Protein chains: 2
Amino acid sequence: MNRIIDGKKIAQRLKDTLKIEIENIKEKFKLVPGLAVIQVGNVAASSVYVKAKTKAAKEVGIRVFDYHLEDNISQKELLDLINKLNNNSDVDGILVQLPLPKSFNEQEVLDSISSTKDADGFHPINVGKLSISPKNDENLLIPCTPYGCLLMLRELNIDLVGKNAVVIGRSNIVGKPMAQLLLKESCTVTIVHSKTVNIKNICRNADILVAAIGKPEFVNQDWVKEGAIVIDVGINRVQLNEDNYKLVGDVLYDEVEKRASAISPVPGGVGPMTIACLLRNTTISCKTKLSVNRK
Amino acid sequence: MNRIIDGKKIAQRLKDTLKIEIENIKEKFKLVPGLAVIQVGNVAASSVYVKAKTKAAKEVGIRVFDYHLEDNISQKELLDLINKLNNNSDVDGILVQLPLPKSFNEQEVLDSISSTKDADGFHPINVGKLSISPKNDENLLIPCTPYGCLLMLRELNIDLVGKNAVVIGRSNIVGKPMAQLLLKESCTVTIVHSKTVNIKNICRNADILVAAIGKPEFVNQDWVKEGAIVIDVGINRVQLNEDNYKLVGDVLYDEVEKRASAISPVPGGVGPMTIACLLRNTTISCKTKLSVNRK
């Protein structure tokens, strides 16, 4: 009775919708949404993500402004670039691929992105709005990964109200915004983390379990209630030999899929959803700009 | 072995500290923090709160700018007043007593208060910062009631790390920021609410139970684990007869105090803490203004 949540397919459907929206924008306003993608340095995983995001953006008709910077540029140079992009009306979304090299003040960089061009939804004002705003505010810029998880849950066509949801991990990027989104859906929400006592027992009570810990295959069948829905946010590279690695999630898939009523795989689960939601945020920013201009 | 958490005493200690800080500011900069208090209409409970806040502010040396407006003023008139106060350098904190009459767009009013003068900590940017920022950022403007609850918990001198904390209620004013604060303290945090299934059982597992529902004496002994710490945020008026009412919390005190290891009473618990934290926010805003001016 178990169901694999096909992130690739759901993401493709979202991208198809965005593509049509963007064509309409192009026809009506003679412009397309623009996304600036900034990568600093050459971390291999970051390069993979940036490439995938750039490719997907182009597929739906978003114009990509590509900035690949040396890792010896200064904080100020990066802030100056962002400031320039904030003032460039062709740019609707600005994405700084994380993590930045250790010499950077990451939060200052994220805060410097205009809240209206905040493709990742990490700006404090957007974080605040996510917490405050009522459900289904279509103009919010919401962090891409947790919003992608929510879209996957919605795809299951079950009533989320009153479900016992447990989020493993309390990062600003996934855990905390995920909890906010589930709370808006009227789930009962628990956030567990490295300091939690009896974490396994708490997870085993979850109707919905979202794993965002960053530890390969950490969540095994003992953590999962029979029939639970499991969303695996982890994307961990496990080195096979010098040249090869495989991607695994935070969930021990082969075990857990036998207990779960629905589960998202890695790869092909949350990853594609994150990218599609990035494109969605860029399109939202563009539409907001156009509606402001028309006023 | 049970301990009554004396909010009045803890609040007084905080006010004493603020009074000294404000005297130092006065001596050094020849000015005092200013708090604008705006009340619209004549709801009796609001008048009581405004009076208490004004009195407490004056006690610690804060200058109060008092605006008591008719309930037939327009949204625009209220926004114009706030805009004027945003630009008045003598005003460090702006408080709009809630609830506003139904004709007002409350969120728009709150959003219009400068985030640097946000005495209540309800502005989206401050809500976002509360979620993002590391523990013990002393410059944050944090919603007064949940911060007051946290100060009461800290007073118990117990290790909060890993404690199982349950917050009843998911309001923007109390429940959500309370959850953020407890998460920062490394508690395992669950938010339960009106849609939660088996709410009593979840609460009965809590080491720390914060009740913010707004239902008089709703939480009885069956909801509370032996030895739990109970913080009662409710301030409910129960009419005794035509002329008299009594204040009760969300917790059935006489029952629950027998099971709890520590409990905050109503009145004399969270109420005075909320007011002291309002004065703290006003003082923080003033200090931030002074440090910016010096730069």
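Just so it is clear, the model here is predicted, and its values are computed rather than measured.

Caption draft 1: Examining the overall build of chain A more closely. The number of helices and strands found in chain A is 10 helices and 11 strands. Relative to the 2.2 N^0.38 estimate, which gives 19 Å for 295 residues, the radius of gyration of chain A is 19 Å and therefore close to what a compact globule would have. Referenced to the eigenvectors of the C-alpha coordinate spread, the extents of chain A come out at roughly 50 × 45 × 30 Å. For chain A, buried positions account for 53% of its 295 residues.

Caption draft 2: Seen up close, the confidence of the model for chain A. Per-residue pLDDT for chain A averages 96, and the proportion of residues at 70 or more is 99%. Predicted complex metrics record ipTM = 0.96 and pTM = 0.97.

Caption draft 3: Representation of the packing of helix H6 (residues 144-155) of chain A against helix H10 (residues 270-294) of chain A in the model. All names here are of chain A. Two numbers describe how H6 lies on H10: the axes approach to 8 Å, and their chain directions differ by 110 degrees. Relative to H10, H6 is oriented roughly perpendicular. The handedness of the crossing between H6 and H10 comes out as right-handed. Counted together, Cys144, Thr145, Tyr147, Gly148, Cys149, Leu151 and Met152 of H6 and Val270, Met273, Thr274, Cys277, Leu278, Arg280 and Asn281 of H10 form the full contact between these two elements.

Caption draft 4: Region of the structure containing helix H3 (residues 75-86) of chain B. Residue and element names in this part refer to chain B. The terminal C-alpha atoms of H3 lie 16 Å apart, and with 12 residues this matches the ideal 16 Å at 1.5 Å per residue to within 8%. Every buried residue of H3 is listed here: Gln75, Leu78, Leu81, Ile82, Leu85 and Asn86. Seen end-on, H3 carries its buried residues on one side only, within an arc spanning 145 degrees. Residues of H3 that are exposed and point more than 90 degrees away from the buried face comprise Lys76 and Lys84. Packing partners of the buried residues in H3 comprise strand S2 (34-40), strand S3 (63-69), strand S4 (93-96) and helix H4 (106-112).

Caption draft 5: Just the relation of the copies chain B and chain A, in detail. The transform that puts chain B on chain A rotates by 180 degrees and translates by 0.0 Å along the axis, for an RMSD of 0.0 Å. As the rotation angle and translation indicate, the two copies are arranged about a two-fold axis. By residue overlap, the copies meet face to face through one surface: 100% of the interface positions of chain B are interface positions in chain A.

Caption draft 6: Focus on the pairing of strand S2 (residues 34-40) of chain A. All names here are of chain A. A large share of S2 lies buried, amounting to 7 of its 7 residues. Burial along S2 is two-sided: Gly34, Ala36, Ile38 and Val40 and Leu35, Val37 and Gln39, pointing in opposite directions, are all buried. Pairing of S2 with strand S3 (residues 63-69), which is carried by 7 bridges, proceeds in the parallel orientation. The residue of S3 that forms the bridge with Leu35 is Val64.

Caption draft 7: Looking closely at the pattern of salt bridges. Summed over the entire model, instances satisfying the criterion amount to 22 salt bridges over all chains. In this structure, the salt-bridge partner of Asp92(B) is Lys289(B), at a minimum N-O distance of 2.9 Å. Placement of Asp92(B) in the loop between H3 and S4 and of Lys289(B) in helix H10 (residues 270-294) is noted, with a sequence separation of 197 residues between them. Using a relative accessible area of 2% as the deciding quantity, one classes Asp92(B) as buried. Taken together, the shared-partner salt bridges connect Lys15(A), Lys55(A) and Glu59(A) into one network.

Caption draft 8: Geometry of the environment of Lys51(B). Residue placement: Lys51(B) occurs in helix H2 (residues 44-60). Distance from Lys51(B) to Ala36(B), taken between C-alpha atoms, is 13 Å for residues 15 residues apart in sequence.

Caption draft 9: Quick look at the packing of aromatic side chains. Across all of its chains, the model carries 2 aromatic pairs over all chains by this definition. Ring geometry for Phe218(B) versus Trp223(B): centroids 5.5 Å apart, planes at 65 degrees, classification edge-to-face. When the ring centre of Phe218(A) is taken as reference, the NZ or CZ atom of Lys215(A) above it lies at 4.7 Å. Note that Arg237(A) overlies the ring of Tyr245(A), its terminal NZ or CZ placed 4.0 Å from the centroid.

Caption draft 10: Main features of the interface of chain B and chain A. Listed per partner, the contact involves 29 residues of chain B and 29 residues of chain A. Interface area for chain B against chain A, summed over the two sides, is near 2,400 Å², with a carbon-plus-sulfur share of 61%. If you look at where chain B meets chain A, you find 15 residue pairs in polar contact (both at pLDDT 80 or more). Put simply, the parts of the chain that give the side of chain B that touches chain A at least two residues each are helix H5 (124-132), helix H7 (175-184) and strand S6 (188-192) of chain B. Among the elements that take part in the side of chain B that touches chain A, H5(B) stands out by supplying 7 residues, more than any other.

Caption draft 11: How the structure looks around the sheet that holds S2(A). Residue and element names in this part refer to chain A. Pairing is parallel across the open sheet formed by 3 strands, whose spatial order is S3-S2-S4. Edge positions in the sheet fall to S3 and strand S4 (93-96), since each of these pairs with one other strand and no more. The sheet shows a mean angle of 15 degrees between the axes of neighbouring strands, taken without regard to direction. Sheet strands in contact with helix H2 (residues 44-60) are S2, S3 and S4, and its direction is about 170 degrees off that of S2. Its contacts with the sheet put helix H3 (residues 75-86) on S2, S3 and S4, and the angle it makes with S2 is roughly 175 degrees.

Rules used in this analysis
Residues numbered from 1 in each chain as written. Chains lettered and ligands numbered in written order. Predicted model: local features only at pLDDT ≥ 70, side-chain atom pairs only at ≥ 80, totals over all residues. Heavy atoms only, no water. Helix = DSSP H or I, 4+ residues; strand = E, 2+ residues; numbered from the N terminus. Rg over C-alpha atoms; globule rule 2.2 N^0.38 Å. Buried < 20%, exposed > 50% of the residue type's maximum accessible area, 1.4 Å probe, protein only. pLDDT = per-residue confidence, 0-100. Axes fitted to C-alpha atoms, helices over the stretch in contact; angles between N-to-C directions. Parallel < 35°, antiparallel > 145°, perpendicular 65-115°, else oblique. Left-handed = near helix turned anticlockwise from the far one by under 90°. Contact = heavy atoms within 4.5 Å. Expected span 1.5 Å × (residues − 1). Arc of directions from axis to C-beta. Least-squares fit on C-alpha atoms with pLDDT ≥ 70 in both. Pairing = 2+ DSSP bridges. Salt bridge = Lys/Arg side-chain N within 4 Å of Asp/Glu carboxyl O. Phe/Tyr/Trp six-rings, centres within 6.5 Å; stacked < 30°, edge-to-face > 60°. Lys NZ or Arg CZ within 6 Å of the ring centre and 35° of its normal. Buried area = accessible area lost by both parts, 1.4 Å probe. Polar contact = N/O pair within 3.5 Å; in protein donor to acceptor, adjacent residues only side chain to side chain.

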